[in-house]
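Coordinates in review
Each chain, letter by letter, is given below.
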Amino acid sequence: MRESSVTAAWCLVAIVTARLAIGADPTQPPPLLITTEARLANAAFVSAEAGGTWAFKSADDQSERTVPLRTVVRWGGFAKAVGGHRVRLVGGGEIVGYSVQMTQREVILESDLLDQVKLPRAGVAAVIFDLPADEASAQALERRIEAAGLEQDTLLFANGDRLAGELVGLAEDKLTLKTAEADLVVDRSRAAAVIVGRAIPPEQQKSLKTWIGLRDGSRFLAEKLVLKDARVTVELAAGGTVSLSADAILALQPVGGDTIYLSDLEDAGYRHIPFLSLAWGYRRDRGVTGGPLSADSRLHLKGLGMHSAARITYNLDAEYRALQAELAIDDSTEGRGSVICRAFVDDGSGKWQLKYESGVIRGGDKPLAMNVDLAGAKRISLLVDFADRGDELDHVNWLDARLVK
């Protein structure tokens, strides 16, 4: 990324005075910082400069390090949301709250961590009421949301029914939906979710933005973030502005910089070899079963979900220095599952060379960092193989799998 691009985006964070540790919790060690160059444990995020640099302080030796924003992969970890309503944003992310209202122009959300949130209706993709706590029910609702389409507003009832029309308003205890036949007033307790219709999906911007994760599980994409006097003001990529206390932030992850995530690329070939007869595909930015990527009790926004035994290949369109990722069995297996992961490289000769082998990765293990030299590489292949007990719950995550320039 050009320096001018970084400067323009940063605007993304402007901190002019206090050195403040964001997301500090006296009962927990400061989070892990991952950059394209190094990993720093116990790193407190203390400042950011308009020129495109972030500063972190090591809790171990109190030294302070300044790193270019374009080299930051992730700081901290994204929390899982439990309970509450969810306002899902156009372009990804969601905000957790306990009260939601909607007019024909805006969505108003009350939250424990944010000041009152007012979002333009055009920036809201859906409102989910009390997302089920168990994974199977939550995924079933997600499938219903995906199947609803974008053409018009759609009300999903808790009993499985659905009704399309125009959502006129949403209050604490009722919602009003205009259909071709009549205006219907529905008790809010009967609703599982409302999908906000829009004719054209938003165009994805390639400029530098930052994912922000909060203690309550909220996560949203920021166009601009300003920290002053322990208060953070965020301009959302989906539109609107939110304000919060700095200590509510648990994670930051820039996207759109020099790091290229495999989940944003088209593969050049994928194959799964069943242990018996059940075939598995792979998932982008999701676990292999369709749930969120989860490891070490944290959510991860970027990565690949795969199942043994499988192989995925990518053609490289440029020169890259390294392939990096953190490898782990998904938390959903509850400590079960075991795999061996390998990375192969082809320099254009058609001959694959083994560049990395993980050893056995088991459910419950801490994520294992991988760094593969890509000098001269034209293609890469990632393999997942059986380890203990055949393919039983071999749900592996290639967390933040990325190409580094």
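Thresholds, definitions, all that
Residues numbered from 1 in each chain as written. Predicted model: local features only at pLDDT ≥ 70, side-chain atom pairs only at ≥ 80, totals over all residues. Heavy atoms only, no water. Helix = DSSP H or I, 4+ residues; strand = E, 2+ residues; numbered from the N terminus. Buried < 20%, exposed > 50% of the residue type's maximum accessible area, 1.4 Å probe, protein only. Contact = heavy atoms within 4.5 Å. Areas by Shrake-Rupley, 256 points an atom, 1.4 Å probe, with all protein chains shown as cover. Pairing = 2+ DSSP bridges. Axes fitted to C-alpha atoms, helices over the stretch in contact; angles between N-to-C directions. Salt bridge = Lys/Arg side-chain N within 4 Å of Asp/Glu carboxyl O. pLDDT = per-residue confidence, 0-100. 1 Å grid on protein atoms, 1.4 Å probe; cavity = no way out; pocket = protein on both sides within 12 Å on 5 of 7 lines; lining within 4 Å. Points joined across faces, edges and corners; volume = space filled by probe spheres on them. Nonpolar A, V, L, I, M, F, W, Y, C, P; charged D, E, K, R; others polar. Polar contact = N/O pair within 3.5 Å; in protein donor to acceptor, adjacent residues only side chain to side chain. Phe/Tyr/Trp six-rings, centres within 6.5 Å; stacked < 30°, edge-to-face > 60°. Core = buried A, V, L, I, M, F, W, Y, C linked by side-chain atoms within 4.5 Å.

1. Observations regarding the overall build of the protein
Along the backbone of the protein there are two helices and 36 strands. Burial analysis of the protein (405 residues in total) assigns 50% to the buried set. Here the contacts in the protein between residues at least 6 apart in sequence split such that 64% fall between residues at least 24 apart. A total of about 18400 Å² of accessible surface is found on the protein, and carbon and sulfur atoms cover 49% of it.

2. A word on the sheet that holds strand E25 (residues 269-272)
If you trace the five strands from one edge of the open sheet to the other, you get E25-E30-E35-E32-E33, paired in antiparallel fashion. The open sheet has two free edges, formed respectively by E25 and strand E33 (352-362), since each of these has just one partner strand. Averaged over all adjacent pairs, the angle separating strand axes in this sheet is 10°, with direction ignored. Two elements, E25 and strand E30 (residues 310-315), share four bridges in a ladder whose sense is antiparallel. Along E30, the bridge assignment pairs Gly-269 with Thr-313.

3. Some remarks on the side chain of Asp-330
The residue Asp-330 is located in the loop between strand E31 (322-329) and strand E32 (338-346) in this model. Setting aside residues up to four positions removed in sequence, Asp-330 forms contacts with Gly-287, Pro-292, Leu-293, Ser-294, His-395 and Asn-397.

4. With respect to the pattern of salt bridges
It is possible for side chains of opposite charge to pair when their charged atoms get near one another. Overall, the coordinates contain 22 salt bridges when judged by the stated rule. As a salt-bridge pair, Asp-346 and Arg-379 come within 2.8 Å of each other at their nearest N and O atoms. Taken together, the positions of Asp-346 in strand E32 and Arg-379 in strand E35 (residues 379-386) put the pair 33 residues apart, joining distant regions of the chain. Judged by relative accessible area, Arg-379 falls into the partly exposed class, the value being 26%. Through salt bridges with shared partners, a single ionic network connects Arg-86, Arg-88, Glu-94 and Glu-142.

5. Overview of the confidence of the model for the protein
In the predicted model, the protein carries a mean pLDDT of 87, and the fraction of residues at 70 or more is 90%. Contacts from residues 1-27, a stretch scored under 50 in pLDDT, to residues over four places away or in other chains number 64 contacts.

6. Here we look at the pairing of strand E14 (residues 153-157)
Buried residues dominate E14, accounting for five of its five residues. Judged by which residues are buried, E14 turns out to be covered on both faces: Asp-153, Leu-155 and Phe-157 on one side and Thr-154 and Leu-156 on the other are all buried. Sheet topology note: the E14/strand E15 (residues 162-170) ladder contains four bridges and is antiparallel. Across the sheet, residue Asp-153 finds its bridge partner in E15, namely Gly-165. Between E14 and the antiparallel strand that follows it, E15, lie four residues; Gly-160 among them carries a positive phi value of about 105°. Inspection of the sheet shows E14 paired to strand E18 (residues 191-195) by four bridges, in the antiparallel sense. The partner of Leu-155 across the bridge, within E18, is Val-194.

7. Examining empty space enclosed by the protein
Empty pockets left among the atoms are what a rolling probe the size of a water molecule brings to light. Within this structure, the stated rule accounts for three cavities of 30 Å³ or more. Roughly 50 Å³ of volume is contained in the largest cavity. Grouping the constituent residues of the lining of the largest cavity by class yields six nonpolar, three polar and two charged.

8. Observations concerning the environment of Asp-330
Residue class for Asp-330 comes out buried when judged on its relative accessible area of 6%. With 41 residues separating them in the primary sequence, Asp-330 and Thr-289 have C-alpha atoms 9.8 Å apart. One polar contact links the side chain of Asp-330 to the main-chain amide nitrogen of Ser-294, over a distance of 3.1 Å.

9. Notes on the packing of aromatic side chains
Going through the model one piece at a time under the given rule, you end up with six aromatic pairs. Centroid distance Trp-54 to Phe-56: 6.3 Å. Interplanar angle 65°. Geometry classified as edge-to-face. Of the two residues examined, Trp-54 and Phe-56, each falls in the buried class. Between Tyr-270 and Tyr-282 the ring centres are 5.0 Å apart and the planes differ by 45°, which places this aromatic pair in the tilted class. With Tyr-270 in strand E25 and Tyr-282 in the loop between E25 and strand E26 (283-284), this pair connects stretches of sequence that are 12 residues apart.

10. Notes on the nonpolar core
Judged by nonpolar contacts, the single largest core of 51 residues is most densely connected at Ile-95, Ile-212, Phe-220 and Val-234. A total of four residues in this core trace back to one element, the largest contributor, which is strand E20 (residues 219-228). Those residues in contact with Phe-220 that sit more than four places away from it in its chain are Leu-89, Ile-95, Thr-210, Trp-211, Ile-212, Leu-214, Val-234, Leu-236 and Val-242. Membership of the second largest hydrophobic core comes to 30 residues, among which are Ala-310, Ile-329, Ile-380 and Ala-401.

11. What to know about the side chain of Ser-58
Position of Ser-58 relative to the elements: it lies in strand E5 (residues 53-58). On the accessibility criterion, Ser-58 (3% relative accessible area) is buried. A polar contact of 3.2 Å, which involves the side chain of Ser-58, links it to the backbone nitrogen of Asp-60. Residues within four places of Ser-58 in sequence aside, it is in contact with Leu-40, Asn-42 and Ser-63.

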